[in-house]
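# Close look at the chain arrangement
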Amino acid sequence: MEKVTINFDGIPQPRVRFGIEFLKNTLEEFGFLVQESNNEWSVEQYRNVDSLKIFIGNRNQSEFIKQLEEEEILLYNTYSPTGEGFYLSSLPGRLFVISSETDSGALYGCQELAHLIRKKGEIPNNLSFGEGPDMVLRGPALGLQKTTWEPPRQTYEYPITPDRFPWFYDKDLWLDWLNRLFENRSNILYLWSGHPFSSLVKIQDYPEALEVTEEEYELNTSLFRWLTEEADKRGIWVVVKFYNIHIPLPFAEKHNLKLYQPKPLPLTSDYYRKSIAEFVRSYPNVGLMVCLGEALQGHLYGIEWFTETILPGVLDGIQTLNNRELPPIILRAHAIQPEKVIEKALPLYPNLYTMAKYNGESLTTWTPRGEWQKIHQNLSSLKTVHIINVHILANLEPFRFGSPAFIHKCMKAAKYRLGANGLHLYPLFYWDWPYSPDQTTPRLRQMDRDWLWFDAWARYAWKTDLHPETEQLYWAEKLGEHFGNEKAGTIILEGLDASGECAPKIIRRIGITEGNRQTMSLGMTMSQLTNPERHRPWKDLWESHSPEGERLPEYILREIQGEAHIGETPIDMIEEVERDADRAVELMEKAKPFVTKNKEELERIEKDMHAIRAMVYSYTNKVRAAIQVLLYKHAEKNSLLEKVEHLEKGVPYLKQSLDWYKKLTTITKKTYLFANSMQTPQRKVPLPDGGEYSHWRDCLPFYEQEFQNFILNVEMLKNGKVPKEEHLIEPFREVPFTVHSDNVEVYKIEKPSKVFTDVDLPLMNFAEELRGISALRFSQAVANETELNIDIEFSETSYVLVGYFNSSDEQWLQPPNLEIDTHADYRGGVMPILRKGLEVFAYPSVNVHAYKYEAGRHLLSFGKGSHLILGIISASQNLPDREVEHTEGGIGTLDWLYESPKEIVTAD
């Protein structure tokens, strides 16, 4: 039995100690007799140790490493190790050196040598190479969040307790996860929460802020300290993310405050500063991620809150610590202008990072461009490290995504197109961690089901510039080991790469949004394809998160006008995803005879490939049907009865789409519990509530009815009849209200009323529903300069009607947006009830939205920018959903083709 002596200068810190133990265990597993030494070695006497020798040293601190370098015994044929890098060298006298600059570098050096020993069965000779990461921060995110509200708490507000998050207290689960992160050399674990402090620290001045019982508090602090210490051993920073300004429910109740505070108050600032200071003191191995958007009016108060509350709290906390590293503070670039915040914050705290979403809340392309690319490039140009956030993955849910080639190209784009130097990665089914959505007993763990997802992102965060051909061999070998046969690995890899192209291409060419408002795997309605404007499409999807190309309406116009097509078209998408989906199914079937291990897993992957193919063909045939509808729309001039043959051509395509959707429903009935991990009303596409429509079987009846309606309406047109366009207008019913603010006037909506107190421009047109109701006017200049607050009291539960001008110019307040604000639908109001429902002379048209408020006194505050408050109406009446000007609505949109046949008239 060969003897090995391991030595390290001084007392190893936790990361180095963990690395030594990892290396030692590997050596012992392969039959070496290992002993440790704490004797000082020198160039003159190290040969006196009669064994193989491994020395682990920090080259800035170790006298032995310095001697070896000065005597030119240890030379580097790459850059000398810095940061988390390491260098392995075999030297004369049976000496192996692991040289590093940090504890993490030593840890990864020990890990690398252990891997080489495991691969070769011995300590390899002639070692001389170094390595270090490309990305500074690399790791996944988990959520201490749920998708169901707990009134009176609101979105994101979930105290950390065993009944809410049982997995959080499972140490065996944590160790499995931390070991996987260590194996992938991930160095950060993000934990997302609304307000974690009220579950993890006590504040002497605010005992009422604690949201858990004493027993739960002790359990939380014990577990969290253990977790952060175990993570630190493996070179992992735990970073806790929180929203601003969210306050604990008991604290809010005692001080008569709302849970969400839009601007700083002396009380909330003092509470937050002391909470953060105590948190940093209690958990020195924990960083913080700050979201200044959403609840806080970050564009107004972000700099103040970050520099006068958050950073002072961190600095207060670290004064009593002897940290070797400053905790990382990450500023999430979400609904704010982060550049201005960083400019003011950097002089106060140097270890700052920025973060922005990579492809929004989906995975769509490896060629991000446009305004989104500029956002990343601006952030990466600051004197901080910039991180890409691979977020939510709403278009990939719930299926497996295992295309290393796609992921590799994304990480190259992150580095070269965006200038990023860090990775934040969501699991594929974020909201249901630790479980996957598969319908199995027991349920599968995401870390096991999606191992390839986590491994691939981590590999390319560590080293981005690896050759594609080399990587094909690497992953084929890895999959071959997993499934017991190298040939199987090669075939399965090709199939996974093919299937990985499908969802990104579909969403980017025809989707409504790359955000979590849409569950792509559940399909889309015909209205969403042929009249997307009605459904508020998110233009960043095709302007930033897609390669250059054409949307369906644009494609049809170019086709009709005989113009050349530019970039990726819907027809390109159809051809490519059908080819890729067919190929994926074919390859999985081809691989089966060669698989000798993990056969059940391959069966589940194969079923996924069949489900993805059914989804693809349901989409592509529906797009073909939509093309016929749009050709009909542009062909008819004066009569809906012209070119009905286009609609007739669309019928078989829509039938095929439905047939494929039925196949998809049949497959997923037995394989998946849910289609989306966020089963909430925020999911609006294809159908209005992600809780009610969370599975394909929930959506199928709608698509069946949609098809039947289409057939009936086409038949009606063939018989020479057209629908009668008529809107049944129900006047809005006003609710008595009292305005307690001095800066507001009450007026009636009628011509030629003024809508602002300081602008002499009259009302020109308005929807009939609005006629004569009492509205509020105020100074447009004040609304543009600051956040307007109106103190008002309602006699009953009411809708507040708010008008948003149809312009993206910064002077106009923008409507609520689920793409950037999860709170946006808290009171409803995300979708307009009257599109272009009002016109003011010389101003953009106005969309009318409705927000629901309970009876009582409220402070209306919708944000900075010009807007209108057009009345207070009863919440007991039905709200309309119509286009007042009819350029995007009414008969001309053809949405009636998919609805139950209306009253008909015989055409002339």
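Residues numbered from 1 in each chain as written. Predicted model: local features only at pLDDT ≥ 70, side-chain atom pairs only at ≥ 80, totals over all residues. Heavy atoms only, no water.

For helix α4 (residues 171-183), which comprises 13 residues, the first-to-last C-alpha distance of 18 Å matches the rise-based estimate of 18 Å (1.5 Å per residue) to within 8%. Turning to α4, its buried residues number three or more, namely Leu-173, Trp-174, Trp-177, Leu-178, Leu-181 and Phe-182. Across the axial projection of α4, the buried residues extend over an arc of 165 degrees, all falling on one side. Between a side-chain oxygen at the N-terminus of α4 and the backbone nitrogen of Asp-172 the separation is 3.2 Å; the capping residue is Asp-170. Directly after α4, the chain includes Arg-185, whose backbone phi takes a positive value near 55 degrees. (Helix = DSSP H or I, 4+ residues; strand = E, 2+ residues; numbered from the N terminus. Expected span 1.5 Å × (residues − 1). Buried < 20%, exposed > 50% of the residue type's maximum accessible area, 1.4 Å probe, protein only. Arc of directions from axis to C-beta. Polar contact = N/O pair within 3.5 Å; in protein donor to acceptor, adjacent residues only side chain to side chain.)

Pairing between side chains becomes possible if they bear opposite charge and their charged atoms approach one another. Under the definition given, this model contains 67 salt bridges. Between Arg-534 and Glu-899 there is a salt bridge, and its shortest N-O distance comes to 3.9 Å. Of this pair, Arg-534 sits in the loop between α18 (526-530) and α19 (540-543) while Glu-899 sits in the loop between β26 (882-883) and β27 (904-906), and the two are 365 residues apart along the sequence. Owing to a relative accessible area of 28%, Glu-899 belongs among the partly exposed residues under this scheme. Glu-563 is the salt-bridge partner of Arg-558, the closest N and O atoms lying 3.6 Å from each other. In this structure Arg-558 comes out as buried when scored by relative accessible area, which is 17%. One salt-bridge network, held together by shared partners, links Arg-534, Arg-835, Asp-881, Glu-883, Asp-895 and Glu-899. (Salt bridge = Lys/Arg side-chain N within 4 Å of Asp/Glu carboxyl O.)

Time to look at the sheet that holds strand β1 (residues 3-8). If you trace the six strands from one edge of the open sheet to the other, you get β2-β1-β3-β5-β4-β6, paired in mixed fashion. Each edge of the sheet is formed by a strand with only one pairing partner; in this case those strands are β2 (33-37) and β6 (128-131). Averaged over neighbouring strand pairs, the angle between their axes works out to 15 degrees when direction is ignored. Note that strand β4 (residues 86-91) and strand β5 (residues 95-100) share six bridges and pair antiparallel. What sits directly across from Tyr-87, in β5, is Ser-99. Packing against the sheet, helix α2 (residues 63-70) makes contact with β3 (52-58), β4 and β5, and its axis sits at approximately 105 degrees to β5. Contacts from helix α3 (residues 103-120) reach β3, β4, β5 and β6, with the element oriented near 55 degrees to β4. (Pairing = 2+ DSSP bridges. Axes fitted to C-alpha atoms, helices over the stretch in contact; angles between N-to-C directions. Contact = heavy atoms within 4.5 Å.)

This part is about the layout of surface pockets. Its boundaries defined by the atoms lining it, the second largest pocket holds a volume of some 1400 Å³. Looking at the lining of the second largest pocket, the elements that each hand over two or more residues are α3, α4, α14 (451-462) and α15 (468-483). At eight residues, the largest contribution of residues to the lining of the second largest pocket is made by α15. Of the residues contributing to the lining of the second largest pocket, the split by class is eight nonpolar, five polar and 15 charged. (1 Å grid on protein atoms, 1.4 Å probe; cavity = no way out; pocket = protein on both sides within 12 Å on 5 of 7 lines; lining within 4 Å. Points joined across faces, edges and corners; volume = space filled by probe spheres on them. Nonpolar A, V, L, I, M, F, W, Y, C, P; charged D, E, K, R; others polar.)

Moving on, we come to the packing of helix α17 (residues 502-510) against helix α22 (residues 599-635). Interaxial distance between α17 and α22 falls to 11 Å at its minimum, and their mutual angle equals 25 degrees. Overall, the two elements α17 and α22 adopt an arrangement that is roughly parallel. You can see that α17 and α22 cross each other, and the crossing is left-handed. In this structure, α17 uses Cys-502, Ile-506 and Ile-510 to contact α22, whose residues at the interface are Ile-612, Met-615, Val-616, Tyr-619 and Val-623. A per-class count over the contact of α17 with α22 returns eight nonpolar, no polar and no charged. (Parallel < 35°, antiparallel > 145°, perpendicular 65-115°, else oblique. Left-handed = near helix turned anticlockwise from the far one by under 90°.)

This part covers the packing of helix α16 (residues 486-499) against α22. A pair of packed helices can be characterised by two numbers: the angle between their axes and the separation between those axes. α22 packs onto α16 with a crossing angle of 35 degrees between their chain directions and a minimal axis gap of 11 Å. Remark: the crossing between α16 and α22 carries left-handed chirality. Residues Ile-492, Gly-495, Leu-496 and Ser-499 of α16 touch α22, and the partners they reach there are Leu-602, Ile-605, Met-609 and Ile-612. A per-class count over the contact of α16 with α22 returns six nonpolar, two polar and no charged.

Residue position: Arg-400 is located in the loop between β13 (385-390) and α12 (404-416). According to the relative accessible area criterion, Arg-400 is buried, its value standing at 10%. Looking at Arg-400, its side chain comes within polar contact range of the side chain of Tyr-672, at 3.2 Å. When neighbours within four sequence positions are excluded, Arg-400 is seen to be in contact with Asp-438, Leu-444, Arg-449, Asp-450, Arg-604, Ile-605, Asp-608, Ile-612 and Tyr-672.

In this chain, Pro-151 is followed by Pro-152 through a cis amide linkage whose omega measures 5 degrees. Turning to its location among the elements, Pro-152 is positioned in the loop between β7 (137-143) and α4. Residue Pro-434 is reached from Trp-433 by a cis peptide bond, and omega for that bond is 10 degrees. Looking at where Pro-434 falls in the secondary structure, it is placed in the loop between β14 (422-425) and α13 (446-449). Of note, Lys-836 is a non-glycine position whose phi angle comes to about 50 degrees, a positive value. Along the chain, Lys-836 falls in strand β22 (residues 834-840).

Grouped together as the largest cluster of nonpolar side chains are 195 residues, with contacts concentrated most on Phe-168, Trp-174, Tyr-190, Phe-224, Phe-306 and Trp-453. A per-element tally of this core places α22 first, with 18 residues. Not counting chain neighbours up to four residues away, the residues in contact with Phe-306 comprise Val-290, Leu-292, Leu-311, Pro-312, Ile-329, Leu-331, Val-341, Ala-345 and Leu-352. (Core = buried A, V, L, I, M, F, W, Y, C linked by side-chain atoms within 4.5 Å.)

Attention now moves to the environment of Leu-393. One can find Leu-393 in the loop between β13 and α12. Residue Leu-393 is classed as buried on the basis of its relative accessible area, which comes to 0%. Each C-alpha atom, one on Leu-393 and one on Glu-554, is 27 Å from the other, the two residues being 161 residues apart in sequence. What Leu-393 contacts, discounting residues up to four positions off in sequence, is Glu-361, Ser-362, Leu-363, Tyr-426, Pro-427, Leu-428 and Trp-453.

With respect to topology, three strands assemble into an open sheet ordered β16-β20-β24, the strand pairing being antiparallel. Because the sheet does not close on itself, it has two edges, and the strands there are β16 (737-739) and β24 (856-860). The mean inter-strand angle of the sheet, taken between neighbouring strand axes irrespective of direction, is 25 degrees. Two strands pair when backbone bridges link them, and β16 and strand β20 (residues 790-794) are joined in this way by three bridges, in the antiparallel orientation. Across the sheet, residue Thr-738 finds its bridge partner in β20, namely Glu-793.

Right, let's talk about helix α8 (residues 266-282) for a bit. Helix length check: α8 (17 residues) gives 24 Å between terminal C-alpha atoms against 24 Å at 1.5 Å per residue, within 8%. Looking at α8, one finds that the buried residues are Thr-268, Ser-269, Tyr-271, Tyr-272, Ser-275, Ile-276, Ala-277, Phe-279, Val-280 and Ser-282. Against the buried residues of α8 lie α5 (197-200), α6 (214-233), β9 (237-243), α7 (249-254), β10 (286-291) and α9 (298-318).

This part takes up a negative patch on the surface. Together, Glu-40, Glu-44, Glu-63, Glu-70, Glu-71 and Glu-72 make up a region of like negative charge exposed at the surface. Tracing the backbone shows Glu-72 in the loop between α2 and β4. Using a relative accessible area of 57% as the deciding quantity, one classes Glu-72 as exposed. (Patch = residues over 30% accessible without salt bridge, like charges linked within 9 Å, V, L, I, M, F, W, Y side chains within 5 Å. Areas by Shrake-Rupley, 256 points an atom, 1.4 Å probe, with all protein chains shown as cover. Lys, Arg positive; Asp, Glu negative; His and termini not counted. Charge placed at Lys NZ, Arg CZ, Asp CG, Glu CD.)

Here we come to the state of the cysteines. Taken as a whole and assessed by the stated rule, the structure comprises zero disulfides. For the unlinked cysteine Cys-502, the closest cysteine sulfur is that of Cys-410, found at 15 Å. Assessed through its relative accessible area of 0%, Cys-502 is described here as buried. Left without a disulfide partner, Cys-699 is nearest to the cysteine sulfur of Cys-502, which lies 20 Å away. (Disulfide = S-S within 2.5 Å.)

A few words on the packing of aromatic side chains. Tallied over the full model, the rule gives 52 aromatic pairs. Ring geometry for Trp-41 and Phe-55: centres 5.9 Å apart, planes at 35 degrees, overall tilted. One end of the pair, Trp-41, is in the loop between β2 and β3; the other, Phe-55, is in strand β3, with 14 residues separating them in the sequence. In this structure, Trp-41 and Phe-55 share a single accessibility class: buried. Seen in terms of ring centroids, Tyr-206 and Tyr-271 are 5.8 Å apart; in terms of plane orientation they differ by 90 degrees. Their pairing is edge-to-face. Taken as a pair, Tyr-206 in the loop between α5 and α6 and Tyr-271 in helix α8 lie far apart in primary sequence, 65 residues in all. A relative accessible area of 9% places Tyr-206 in the buried class. (Phe/Tyr/Trp six-rings, centres within 6.5 Å; stacked < 30°, edge-to-face > 60°.)

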